[in-house]
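This is what each chain is made of:
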Amino acid sequence: MSTSDNGIPRVVIVGGGFGGLAAAKALRRASVRVTVIDRTNHHLFQPLLYQVATSVLAPGQIASPIRGILKKQKHTTVVLGEVTGVNKDSRRVLVNSADRDGVEIPYDYLVLAMGARHSYFGHAEFEKFAPGLKSLADAVAIRNKILQAFEQAEAEEDPSRHRDLLTFVLVGAGPTGVEMAGAIAVLVRKTLRSEFRRIDPTSARVVLLDMAPRVLGTFTESLSQAAKGRLESLGVEVRLGHGAEQIDEEGVVVAGERIASKTVIWTAGVSPSPAGKWLNAETDHAGRVRIQQDLTVPGHPEIFVVGDASSLDQNGKPLPGVAQVAMQQGRYAGKLIHSRVTGVSTPPPFHYFDKGNMAVVGKGFAILQSGKFYLSGFLAWVAWAAIHLQFLATANLRVSVFVQWIWTYVTGQRGSLLIVNHHASPPRSKAR
Ligand SMILES: Cc1cc2nc3c(=O)[nH]c(=O)nc-3n(C[C@H](O)[C@H](O)[C@H](O)COP(=O)(O)OP(=O)(O)OC[C@H]3O[C@@H](n4cnc5c(N)ncnc54)[C@H](O)[C@@H]3O)c2cc1C
């Protein structure tokens, strides 16, 4: 293995999400130089993005600067930049940084942990009308859109226009769709109910669609039923068995029927990062890089791909795109690099330990599945809250989110009901 001039191996980690951060932390005692490159300056706790989109939490409560998280690791440098490619032969990544494009950063070991984006299943034209939820900017844009719909309805003098302004459609009944639908239902029925004069927010319609026959298809049937029952008790219309045929500025067409809506949110599939193309490596049907049991790319023991960007089978099934997989894989990649650098025995092949899955449905209700143990209701929600708090990146976020949740639970008030437009609206043309 070639090393940098002074003999210290260089480890480049692309992505400061769950996988990349876990890899960087696992290398904290290794004699290496670590460079973490991310196009944002923060580590984002994506499982709580829906709470920013639905005004429960403020953006700063679920994200933390990567620099701050890694500040004690003196051998770790954080670079704000967009990686645009990898040259496997010269062992360099290409980065567009703040002041220059195409900067080459050399590596001896490379960990690609760039996550995934949402996929519109070949309907890129839907994105304009149905934004997805993946980044903090997405969450703030969706929050603006939801709150703006109420403002527009309040200002609208023609009551026949209220219906489509106050219809919220979520396309995709996986965890994000279910959690968003539950949170919007509680927002309209509890938080906003007495804040408007011309409209009645409780009359808002929340529709959750999926082509699958049940919500939360990765959970067992009984939990899926419990979640559906809970959504319906919150007033959410759950429509299964048909996908969105058309999405445009007037709403959604499902099974030939148009649902008029000014707020459609995409909560369906994910499409992976371009890592497969950069590496010219084999990918699975979803475009994720196929990796080996030691998480490296075949033929390249120095290149690891972890988390949502990778595809690895365990017990004949691909590992799911969840935070636990990314964290465990990132940690493993870091430890393996450490052991290779020090020459000590290498760890056994990677094995994912599934601690279980959870989803929250409205206030004080969650479902939990861990092996053969299933739970739904308030206790599952307490477990959900405790586990999510534990995995937030820093202590100040844990305290702040905990206090906000207690406040919201007791009072029904949300943390951030602000419409924040980052660009001033264009000047209105003067009436003459
Ligand atoms: C809305 C939502 C809700 C979710 N809820 C849950 C949940 O409840 N439980 C659960 O377990 N999982 C959940 N997930 C999935 C979980 O968040 C992912 O599986 C996990 O984040 C994957 O980790 P990762 O490290 O692979 O990628 P990420 O955490 O996505 O990190 C990727 C990082 O790479 C950076 N990056 C990407 N491309 C580039 C580039 N070209 N150059 C530089 N930097 C780049 C990004 O900025 C990002 O910081 C959810 C995901 C979403 C979107």
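Definitions and limits used
- Residues numbered from 1 in each chain as written.
- Predicted model: local features only at pLDDT ≥ 70, side-chain atom pairs only at ≥ 80, totals over all residues.
- Heavy atoms only, no water.
- Phe/Tyr/Trp six-rings, centres within 6.5 Å; stacked < 30°, edge-to-face > 60°.
- Helix = DSSP H or I, 4+ residues; strand = E, 2+ residues; numbered from the N terminus.
- Buried < 20%, exposed > 50% of the residue type's maximum accessible area, 1.4 Å probe, protein only.
- Axes fitted to C-alpha atoms, helices over the stretch in contact; angles between N-to-C directions.
- Parallel < 35°, antiparallel > 145°, perpendicular 65-115°, else oblique.
- Left-handed = near helix turned anticlockwise from the far one by under 90°.
- Contact = heavy atoms within 4.5 Å.
- Nonpolar A, V, L, I, M, F, W, Y, C, P; charged D, E, K, R; others polar.
- Pairing = 2+ DSSP bridges.
- Polar contact = N/O pair within 3.5 Å; in protein donor to acceptor, adjacent residues only side chain to side chain.
- Patch = residues over 30% accessible without salt bridge, like charges linked within 9 Å, V, L, I, M, F, W, Y side chains within 5 Å.
- Areas by Shrake-Rupley, 256 points an atom, 1.4 Å probe, with all protein chains shown as cover.
- Salt bridge = Lys/Arg side-chain N within 4 Å of Asp/Glu carboxyl O.
- Near = heavy atom within 4 Å.
- Core = buried A, V, L, I, M, F, W, Y, C linked by side-chain atoms within 4.5 Å.

If you walk through the whole model with that rule in mind, you get 11 aromatic pairs. Ring geometry for tyrosine 120 and tryptophan 266: centres 4.6 Å apart, planes at 25°, overall stacked. Separated by 146 residues along the polypeptide, tyrosine 120 in the loop between strand 9 (116–118) and helix 4 (136–155) and tryptophan 266 in strand 16 (residues 263–266) bring together distant segments of the chain. Classification of tyrosine 120 as buried rests on a relative accessible area of 6%.

Where helix 10 (residues 378–391) contacts helix 11 (residues 395–411), the two axes come as close as 9 Å, and the packing angle between them is 155°. In terms of axis orientation, helix 10 runs roughly antiparallel to helix 11. Handedness of the helix 10/helix 11 crossing: right-handed. For the pair helix 10 and helix 11, contact is made by Phe378, Trp381, Trp384, Ala385, His388, Leu389 and Gln390 and by Arg398, Val401, Phe402, Trp405 and Tyr409, respectively. Per-class residue counts for the contact of helix 10 with helix 11 are nine nonpolar, two polar and one charged.

This part is about the sheet that holds strand 20 (residues 300–305). Judged by pairing direction, the sheet is mixed, and its eight strands sit side by side in the order 7-6-5-2-1-8-20-19 without closing on themselves. Each edge of the sheet is formed by a strand with only one pairing partner; in this case those strands are strand 7 (103–106) and strand 19 (296–297). In the sheet, strand 5 (residues 76–87) pairs with strand 6 (residues 92–97) via six bridges, with the strands oriented antiparallel. Its bridge partner lying in strand 6, asparagine 87 is registered against arginine 92. The strands touched by helix 9 (residues 323–342) within the sheet are strand 1 (10–14), strand 8 (109–112), strand 19 and strand 20, with strand 20 carrying the most contacts at an inclination of about 155°.

Looking now at the side chain of threonine 296. As for its position among the elements, threonine 296 is in strand 19. Classification of threonine 296 as buried rests on a relative accessible area of 1%. Polar contacts involving the side chain of threonine 296 include one to the side chain of aspartate 294, which spans 2.6 Å.

Together, Phe378, Val382, Val399, Phe402, Val403, Ile406, Tyr409 and Val410 line one region of the surface with nonpolar side chains, adding up to about 740 Å² of accessible area. For the nonpolar patch, the secondary structure elements donating two or more residues are helix 10 and helix 11. For the nonpolar patch, the leading source of residues is helix 11, giving six residues. Among the structural elements, phenylalanine 402 can be located in helix 11. The partly exposed category is assigned to phenylalanine 402, whose relative accessible area is 44%.

Below, the discussion takes up the pairing of strand 20. Of all six residues making up strand 20, five are buried, and the element is well covered by its neighbours. Where strand 8 meets strand 20, three bridges bridge the pair, whose relative direction is parallel. Looking across to strand 20, one finds that leucine 110 is bridged to isoleucine 303. Of the pairings in the sheet, the one linking strand 19 to strand 20 comprises two bridges and is antiparallel in character. Bridge pairing links threonine 296 to phenylalanine 304 in strand 20. Between strand 19 and strand 20, which pair antiparallel in sequence order, lie two residues; one of them, glycine 299, sits at a positive phi of approximately 85°.

Further remarks concern the site of the ligand. In the vicinity of the ligand lie 27 residues, with Gly19, Asp38, Gln46, Val83 and Asp308 positioned nearest. Between the ligand and aspartate 308 there is a distance of 2.8 Å, counted from an oxygen atom to a side-chain nitrogen or oxygen. Backbone polar atom of alanine 323 to an oxygen atom of the ligand: 3.0 Å apart, as the coordinates give it. A total of 1,000 Å² of accessible area belongs to the ligand in isolation, and the protein chains cover 88% of it. Broken down by secondary-structure element, the contributors of at least two residues to the shell around the ligand are helix 1 (18–26), strand 2 (33–38), strand 5 and helix 9. Looking at the shell around the ligand element by element, the count peaks at three residues for strand 5.

Turning our eyes to something else, we now look at the sheet that holds strand 26 (residues 373–377). On the basis of which strands lie adjacent, the open sheet formed by three strands has the order 24-25-26 and antiparallel pairing. Both edges of this open sheet fall to strand 24 (357–360) and strand 26, since each of them pairs with a single strand only. Direction aside, the axes of adjacent strands within the sheet are offset by 5° on average. Sheet topology note: the strand 24/strand 25 (residues 366–370) ladder contains four bridges and is antiparallel.

Once that is clear, we can look at the nonpolar core. Ile62, Phe150, Met180, Ile184, Leu208, Trp384 and Trp405 are the most contacted members of the largest nonpolar core, which totals 70 residues. Ranked by the residues each element gives to this core, the list is headed by helix 6 (residues 175–191), at nine residues. Among all residues touching tryptophan 384, those that are not within four sequence positions of it are Leu48, Tyr50, Gln51, Glu179, Met358, Val360, Ala366 and Trp405. Formed by 53 residues, the second largest nonpolar core is a distinct cluster that contains Ala23, Tyr109, Leu110 and Val111.

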